[in-house]
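Examining the three-dimensional arrangement
The chain contents come next:
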Amino acid sequence: MSGFFKPPRRIHVYNQIVLTTSGILPKIKGGAFLIEDRAPDEIFTAEDLTEQHLAIARTVDEFWAKEVEPNLPAILDQTPGAALAVLKRAAPLGLTAISIPEKFGGMELDLASEVIATEHLGRDGSYAGWHSGHTGIGTLPVLYFGTEEQKQRYLPKLANMEMLAAYALTEPQAGSDALAARTRADLAPDGKAYLLNGQKMWITSGGAADLFTVFAKVGGEKFTAFLVERSFGVQSGTEEQKMGLKGSSTTALYFDNVRVPVENVLGEIGRGHIIALNVLNIGRLKLAAAAVGKAKVVLAASLKYAKERKAFGSAIGEFGAIQHKLAEMAIRIFAAESIAWRLVGQIEGHLENFSWDQPDASQTMLKAVEEFAAECSMVKVFGSEMLDYVVDEGVQIHGGYGYHHDYAVERAYRDARINRIFEGTNEINRLVIAGMLLKRAARGQLPLIPAVQKVMAEVLSGPGSTDGPDDDSRLVSSAKKIALLMIGLAYQRYQDALEKQQEVVMHIADIVTETFAMESVLLRSRKLAARGKETIARDICPVFLRDAMARVEISARHVLGACSEGDALRTNMTILRRLARYEPADDVMLCRKIAGRLLARERL
Amino acid sequence: MAVILVVEDDEANQELVTRFLRRAGHRVFHATDGMSGVRAALEGIPDLIVMDLGLPGMDGWEAARRIRSNPATAHIPIIALTAHTLSEDVQKARQAGCDAYETKPVVYQRLMQKIEGFVNS
């Protein structure tokens, strides 16, 4: 036996592969963070990644340095075949097959492995579009919804890059309202195939993919997914001239009586929306991870520039104005990273002893992800908006050079913008966040209503526990109470018509998301402190919690204004002010400390 | 395709390196400590050995020395996996008979290139 003490390990068995995480991950319910408190050891953080996960991250980094970076100019110029050639070199390493079961030629690793690879591939959006588009929304529909025969036919080719996969949902007249698709599928007279007619738009890898998951309406009515090979007769439009992601392929697709064998119906006829929504859930988590990866690269470049660039006789990194920007970038990245890995842990908590050999493996995996559909939308919204903030400040720190093509931050700025649009716009995702929580409450999956009633009774009875010490825990506790109160008041006011009050719903989504981030940052910070690690988290936490609470309060005011009036409004405002009250931290000093550490390390 | 012996006591590391090797088309068998590694090498005569150095019982250095000192296994290339990055540790691995090494967490792209280099030579 080794003489080293090892903490208790929870072992995740994926068909005999074992990737371990320290601590115990409880099996919790989606949205439960609003009504339950967790201990620091009950959440998964980036620091819990195992040696095996770090090995995958380092392997991706090496692949990036040796294969992607030297070819990036050709990829960005859309030199024909350049990106695909690099992607094909990722296949022998298994980097195109992390989630695919071994029996279909994959690596069969856990979700954390897929997410860490995504984060490290996220450093350039164009290549990430090719790679993650293939391994994510390209491959996952077959993996999750394919029949055994479909999996055997396609997954080995997708793992080995014999085929490049893409996902075709959006149409010229059907974007956020995907179910309004006009592409139709009609059974051919011989009954052996469907004839697809219509058009898709904004299809990632549309110019090069060999296999598409295409959504069409059978008989013009039943929304259904099909696995469509390019060789069946799919035609691609010309490459779109986009604001960013210049090196990724984005085209329209045209279907003119494309004959698709009936065996290539994916899932059930009329149930295509199940595929569309579930694949997007994982896509949203991966988008958040990629955003964290990209933001870290931009922060590192900004730190380097701030140390090198001189103004008024000093490096600009010595000025408080720049230090504040650097610190704020790091704070938001830290928060986005905290919620993304917490979500990974929550999903993994539902996958103990999971194996792709189990007969209902796909269903188990889908249920684990679907449980956290609201959280998937939260990390997407928070991650993409964090990235936009970081690239914007990155350009600002670079000054005029940040506006020039020769500087990577200029490209990062343009590339980042699409993240708020694809994988469901952030507006749609905000509606999903609140909608899913209410739906789960209505189905009895989340005891939200008793929790709302309890908080309402508590706050109406007087100051109560909120008069306690103004510490970080109270801020998180108060944010939860505010979130529950706003949900309760909005529901009281509008009841089943609440979903039509989109402005109110979006404010509630923002409150809920900030609350999730606040608790995640606090727990991660405490977890690191308990491990005796002197980290930047100690300074990040108090700044983030107070800034987030300020944002929560503003959103809550909007909700109150829309949902109450007169004496009720005044009473509610009194309660809100009491809950949202906090002593300011010395964030000038804290941000200087954070920036000082960042500048010394040149990374988060 | 080569036959590769992986000597690694950590279950997760063993499984991960195995997945990478299998995906590259190699056949893999295992040992979990130095003594059984020496025995497995003799019984299986693999084309290559991937050896963790920090093994329980007989460590990887001693196992490498024994594999090298036996004429039946002396020709087998050994790639060491080590958490130790100090140059003296690397030197120690080479003196024990290891032909190459990789530090943990393993960069699999580099490891696979080294393996291919030995297998193809």
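**A few points about the packing of helix α16 (residues 537-563) of chain A against helix α18 (residues 587-601) of chain A**
Residues and elements named next belong to chain A.
- One can describe the packing of α16 onto α18 by two numbers: an axis separation of 9 Å at closest approach and a directional angle of 140°. Between α16 and α18, the angle is such that the two are oblique. The hand of the α16/α18 crossing is left-handed. Side by side, α16 and α18 meet where Asp539, Ile540, Pro542 and Val543 of the first sit next to Asp587, Leu590, Cys591, Lys593 and Ile594 of the second.

**Quick look at the interface of chain A and chain B**
- In this assembly, 21 residues from chain A lie in contact with 18 residues from chain B.
- Going through the elements one at a time, β2 (17-22) and α1 (51-76) of chain A are the ones with two or more residues in the side of chain A that touches chain B.
- Within the side of chain A that touches chain B, the residues separate by chemical class into ten nonpolar, seven polar and four charged.

**Side note on helix α15 (residues 502-530) of chain A**
All names here are of chain A.
- When the terminal C-alpha atoms of α15 are compared, their 42 Å separation across 29 residues agrees well with the 42 Å that a helix rising 1.5 Å per residue should span.
- When you tally the buried positions in α15, you get 23 out of 29 residues, the bulk of the element.
- Following α15 by one or two positions, Gly532 has its phi on the positive side, about 75°.

**A short note on the domain arrangement of chain A**
Residue and element names in this part refer to chain A.
- Taken domain by domain, chain A consists of domain 1 (51-164), domain 2 (166-269), domain 3 (273-426) and domain 4 (427-601).
- Summarising the inter-unit geometry, the C-alpha centres of domain 2 and domain 3 are found 29 Å apart.
- In this complex, domain 2 contributes 13 residues to the contact, which on the side of domain 3 involves ten residues.

**A look at the environment of Glu503 of chain A**
- Its location among the elements puts Glu503 of chain A in helix α15.
- Each C-alpha atom, one on Glu503 of chain A and one on Ala368 of chain A, is 30 Å from the other, the two residues being 135 residues apart in sequence.

**Describing the confidence of the model for chain A**
- Chain-level pLDDT for chain A is 93 on average; 95% of the residues reach the 70-or-more range.
- Of the regions scoring below 50 in pLDDT, residues 1-13 of chain A engages in 23 contacts with residues more than four places distant in sequence or in other chains.

What counts and what doesn't
Residues numbered from 1 in each chain as written. Chains lettered and ligands numbered in written order. Predicted model: local features only at pLDDT ≥ 70, side-chain atom pairs only at ≥ 80, totals over all residues. Axes fitted to C-alpha atoms, helices over the stretch in contact; angles between N-to-C directions. Helix = DSSP H or I, 4+ residues; strand = E, 2+ residues; numbered from the N terminus. Parallel < 35°, antiparallel > 145°, perpendicular 65-115°, else oblique. Left-handed = near helix turned anticlockwise from the far one by under 90°. Contact = placed C-beta atoms within 7 Å. Nonpolar A, V, L, I, M, F, W, Y, C, P; charged D, E, K, R; others polar. Expected span 1.5 Å × (residues − 1). Buried ≥ 20, exposed ≤ 12 C-beta atoms within 10 Å, placed from the backbone. Domains from an automatic or database assignment. pLDDT = per-residue confidence, 0-100.

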